[in-house]
Amino acid sequence: MVQIRLNKKGDVGAEEWLEQIPYIILTLVVMAGIFVLVNYYINLNVNVKPVEKDVILNRILYAPNSIMHVDNVTGVVYPGIIELSNFTNEVLDKSIIYSYERHAAAKLSLYNQDKKLIKAAYLNSVWFDRLEPLARNDIAGAASAQLYYKSLPIVYMENDVKQAGFLEIEVLIPN
């Protein structure tokens, strides 16, 4: 590093300051480069919408106090087996509790092998009824929602008799 020397009167000469200009410019360029790189690679906005629908589906399918069959002795949840007596709005609303009212909603439709509707249940039915027409017609905005659809082959238990069927799930995620 270049040392700045004082002349006889204690002043700093102009020549020494002129020699420092390239170092000052280089320092400013390096600082600007670091600032640009940090701002480019920092992501402050995270979109959780694609993950939110999967979380709702997994909570419905794997929660021990939800619609799925649970072994009374071991407490094991069988994700592909629906207990028909638990397939109600009340059970779904108790299994997924949010701290705010406007949250994800879902409609679960249970069909037999012949694609005949057996039963339907709603998670947060009030908001599903409000947002479903907006989502179906692709109306955008803060008051609307996005609709996601999934169909799964399942087994449902009616009076301890297992039967094959399909579970169609429509999930609404509010904007």
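Residues numbered from 1 in each chain as written. Predicted model: local features only at pLDDT ≥ 70, side-chain atom pairs only at ≥ 80, totals over all residues. Heavy atoms only, no water.

A.B. asks: Before we move on, could you go through the environment of Glu 90 and cite the residues and values that matter?
C.D. replies: Along the chain, Glu 90 falls in helix α3 (residues 89-95). Relative accessible area serves as the criterion here: at 52%, Glu 90 is assigned to the exposed category. It is 45 Å that separates the C-alpha atoms of Glu 90 and Tyr 41, two residues lying 49 residues apart in sequence. (Helix = DSSP H or I, 4+ residues; strand = E, 2+ residues; numbered from the N terminus. Buried < 20%, exposed > 50% of the residue type's maximum accessible area, 1.4 Å probe, protein only.)

A.B. asks: Break down unusual backbone geometry for me, citing the residues and quoting the values.
C.D. replies: Here Lys 115, not a glycine, exhibits a phi torsion of approximately 65°, which is positive. Its identity as a non-glycine residue notwithstanding, Asp 160 has a phi of 60°, on the positive side. Mapped onto the elements of the fold, Asp 160 is located in the loop between β5 (145-158) and β6 (161-174).

A.B. asks: Please set out the sheet that holds β6 residue by residue, giving values where relevant.
C.D. replies: Pairing is mixed across the open sheet formed by six strands, whose spatial order is β1-β2-β5-β6-β3-β4. Strands at the two margins of the open sheet, each flanked by one partner only, are β1 (68-70) and β4 (117-123). Shown here is a sheet whose adjacent strand axes are inclined to one another by a mean of 40°, direction ignored. Helix α2 (residues 49-62) contacts β1, β2 (77-83), β3 (105-112), β4, β5 and β6 of the sheet and is inclined by roughly 150° relative to β6. (Pairing = 2+ DSSP bridges. Axes fitted to C-alpha atoms, helices over the stretch in contact; angles between N-to-C directions. Contact = heavy atoms within 4.5 Å.)

A.B. asks: Please set out helix α1 (residues 14-41) residue by residue, giving values where relevant.
C.D. replies: The terminal C-alpha atoms of α1, which comprises 28 residues, lie 41 Å apart, in line with the 40 Å expected from a rise of 1.5 Å per residue. The sharpest bend along α1 comes to roughly 30°, located at Gln 20, with the proline Pro 22 sitting one to four residues further on. With respect to burial, α1 is a largely exposed element, only one of its 28 residues being buried. (Expected span 1.5 Å × (residues − 1). Bend = angle between axes of the 7 residues up to and from the residue.)

A.B. asks: Give me the pattern of salt bridges: which residues, what numbers.
C.D. replies: A side chain with one charge may pair with a side chain of the opposite charge, provided their charged atoms come close. Inspection of every chain in the model, using the stated rule, returns four salt bridges. With a shortest N-O distance of 2.2 Å, Glu 170 and Arg 136 are connected by a salt bridge. One end of the pair, Glu 170, is in strand β6; the other, Arg 136, is in helix α4 (residues 125-136), with 34 residues separating them in the sequence. Judged by relative accessible area, Arg 136 falls into the partly exposed class, the value being 44%. Each of Glu 132, Arg 136 and Glu 170 takes part in one network of salt bridges that share partners. (Salt bridge = Lys/Arg side-chain N within 4 Å of Asp/Glu carboxyl O.)

A.B. asks: Break down α2 for me, with residues and values.
C.D. replies: Under the 1.5 Å per step criterion, the end-to-end length of α2 is 20 Å for 14 residues, consistent within 8% with the ideal 20 Å. When α2 is considered as a whole, its buried residues turn out to be Ile 56, Leu 57, Ile 60 and Leu 61. Looking down the long axis of α2, one finds its buried residues gathered within 125° of arc, a one-sided arrangement. (Arc of directions from axis to C-beta.)

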